[in-house]
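Chains, contacts and geometry: an overview
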Amino acid sequence: MSGSAIATARRAFLGMSHSPLLGLNPVAADDQIAIDKAIAAARAAVHEFSPELIVLLGPDHYNGFFNELMPPFCIGSQATAVGDYLSPAGPLNVAGELAIALAEHLMDKHFDIAVSRRMWVDHGFSQALQFLWGDEMDTPPVIPIFMNAVAQPGIARMARCKALGEGIGSFLDRLPQRTLLIGSGGLSHEPPVPTLAHPDPAVRERITVRSTPTEQERELKTERVKAAGLALANGDSWMKPLNPEWDLQWMDAMASGQLDGLCAMSEASIGAMAGNSAHESKTWLVARSALPANTRLPCPVRTYRAIPSLIAGYGVMFMHH
């Protein structure tokens, strides 16, 4: 497809992995070149598409949402990035009225959805915006949608993610805005995110009760995650390896639009095969489901690298319709 096809499209999908360790842990030169080229290509495609509205699906890593109240999905009518790791802090340019209108539309479609009037987000949202629009996150209007990917049992099942994407798509059908849907997360990875099964009561309390970490706590967390990335790169057995085969199958499903087959995957197999945080990949499923299914759309950007030091099967793909 020619470049003009991107410019005249009405809807586009961007699936983009994130890693808080980008810029912090060493990466092989060829992997870094591939990542840089992929991000540059995605940025060029997005700017050529020139979206008038962004629907951004992202997870959280116990910076904005905690186990005291953990919705499977939540739309934000206002959102602020906390600025963890190397991601920027500050308010997102949220399309507040459209966010509430989307929530009303989904409720009318019998899809119960939580709403936050003051959402806090972390690098799971801001890194994609940073890479596409710079540290100032000077973006078109955004509808941020949080997706729980860490706290069982409230992690949405595959078919439910697809249904949410279809509901978002039917809402966008009524709007004139050229819309970019971003799924930020995945693919295979299992960083050291604590769960309520953790033996330390202080850790369980920290992921249950909303709090703002001190600078020292933030630095300790960063060092712990950096060390985990280096351990995975060194082949230490306590780190679950990445699964490039699983990742590429996931990207193939996004490309073909064969999403029903993807939804046949068992929930237990996701963590077992690709790591507990591979549930983040469902952000891609939600975003892709807002575009036509069972259709191979033009895909001018598609890159994948398995990069252990980033604890990430790192994928980027852009499609338009």
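What you see is a predicted model, and the numbers here were worked out from it, not measured in a lab.

1. Side note on the overall build of the chain
Helix and strand counts for the chain stand at 11 helices and 11 strands. Rg of the C-alpha trace for the chain: 18 Å, near the compact-globule value of 20 Å for 321 residues, within the 12% margin. Across the 321 residues that make up the chain, the buried fraction comes to 57%. Taking the contacts inside the chain whose residues are at least 6 apart along the sequence as the reference set, 84% of them involve residues at least 24 apart. For the chain, the accessible surface area stands at approximately 13100 Å², while carbon and sulfur atoms represent 54% of it.

2. Notes on the pairing of strand β10 (residues 301-307)
Regular strands place side chains that alternate from one sheet face to the opposite one. Note that β10 and strand β11 (residues 312-320) share seven bridges and pair antiparallel. The residue of β11 that forms the bridge with Arg-305 is Tyr-314.

3. Things to note about the nonpolar core
With 56 residues, the main nonpolar core has Leu-14, Met-16, Leu-180, Tyr-314 and Phe-318 as its most contacted residues. No other element matches helix α2 (residues 29-49), which puts seven residues into this core. Among all residues touching Leu-180, those that are not within four sequence positions of it are Ala-12, Phe-13, Leu-14, Val-46, Phe-49, Pro-51, Leu-53, Ile-54, Val-55, Trp-133 and Phe-318. Of all hydrophobic cores here, the second largest spans 49 residues; its members include Ile-145, Ala-287, Ala-290 and Leu-291.

4. Overview of the pattern of salt bridges
Using the criterion set out here, one finds nine salt bridges in the structure. Arg-11 is the salt-bridge partner of Asp-173, the closest N and O atoms lying 2.8 Å from each other. In this pair, Asp-173 sits in the loop between α5 (158-172) and β9 (179-184) while Arg-11 sits in strand β1 (residues 11-16), placing the two residues 162 residues apart along the sequence. Since its relative accessible area comes to 58%, Asp-173 is described here as exposed. In this structure, Arg-302 engages Asp-252 in a salt bridge whose closest nitrogen and oxygen atoms are separated by 2.6 Å. Of the two residues, Arg-302 is situated in strand β10 and Asp-252 in helix α8 (residues 244-256); the sequence distance between them amounts to 50 residues. When its relative accessible area of 36% is taken as the criterion, Arg-302 is described as partly exposed.

5. Thoughts on helix α10 (residues 267-274)
Along α10, the positions that sit buried rather than exposed are Ser-269, Ile-270, Gly-271 and Ala-274. Contacts made by the buried residues of α10 are with α5, α8 and α11 (282-288). Two residues or fewer past α10, Gly-275 is found with a positive phi of approximately 105°.

6. A word on the packing of helix α3 (residues 96-108) against α5
In contact at an axis separation of 10 Å, α3 and α5 are set at 120° when each is read in the N-to-C sense. Here α3 lies oblique to α5, going by the angle between them. Relative to α5, α3 is oriented so that their crossing is right-handed. Two secondary-structure elements touch here, α3 through Leu-98, Ala-101, Leu-102, His-105 and Leu-106 and α5 through Leu-164, Gly-167, Ile-168, Ser-170 and Phe-171. Here the residues of the contact of α3 with α5 sort into seven nonpolar, three polar and no charged.

7. Comments concerning the sheet that holds strand β6 (residues 114-116)
As summarised here, the arrangement of the eight strands in space is β6-β3-β8-β2-β9-β1-β11-β10, forming an open sheet in which the pairing is mixed. Taken across any chain shown, the strands that pair with only one partner, and hence form the sheet edges, are β6 and β10. The mean inter-strand angle of the sheet, taken between neighbouring strand axes irrespective of direction, is 15°. Here α2 sits on the sheet in contact with β1, β9, β10 and β11, set at roughly 150° to β10.

8. Considering the packing of α2 against helix α4 (residues 123-133)
The N-to-C vectors of α2 and α4 enclose an angle of 75°; their axes lie 9 Å apart at closest approach. Considering the angle they form, α2 stands roughly perpendicular to α4. On α4, the residues touching Ile-39, Ala-42, Arg-43, Val-46 and His-47 of α2 are Phe-131, Leu-132 and Trp-133.

9. Here we look at the packing of aromatic side chains
Remark: the centre distance and the inter-plane angle together describe each pair of aromatic rings, the angle taken between the planes. Counted according to the given criterion, the structure contains five aromatic pairs. Relative to Phe-146, the ring of Phe-65 lies with its centre 3.8 Å away and its plane at 5°, an arrangement referred to as stacked. Placement of the pair is Phe-65 in the loop between β2 (53-58) and β3 (73-76) and Phe-146 in strand β8 (residues 142-147), with a sequence separation of 81 residues. By relative accessible area, Phe-146 is classed as buried at 1%. Arranged with centres 5.2 Å apart and planes meeting at 20°, the rings of Trp-246 and Trp-250 form a pair that is stacked.

The rules behind the values
Residues numbered from 1 in each chain as written. Predicted model: local features only at pLDDT ≥ 70, side-chain atom pairs only at ≥ 80, totals over all residues. Heavy atoms only, no water. Helix = DSSP H or I, 4+ residues; strand = E, 2+ residues; numbered from the N terminus. Rg over C-alpha atoms; globule rule 2.2 N^0.38 Å. Buried < 20%, exposed > 50% of the residue type's maximum accessible area, 1.4 Å probe, protein only. Contact = heavy atoms within 4.5 Å. Areas by Shrake-Rupley, 256 points an atom, 1.4 Å probe, with all protein chains shown as cover. Pairing = 2+ DSSP bridges. Core = buried A, V, L, I, M, F, W, Y, C linked by side-chain atoms within 4.5 Å. Salt bridge = Lys/Arg side-chain N within 4 Å of Asp/Glu carboxyl O. Axes fitted to C-alpha atoms, helices over the stretch in contact; angles between N-to-C directions. Parallel < 35°, antiparallel > 145°, perpendicular 65-115°, else oblique. Left-handed = near helix turned anticlockwise from the far one by under 90°. Nonpolar A, V, L, I, M, F, W, Y, C, P; charged D, E, K, R; others polar. Phe/Tyr/Trp six-rings, centres within 6.5 Å; stacked < 30°, edge-to-face > 60°.

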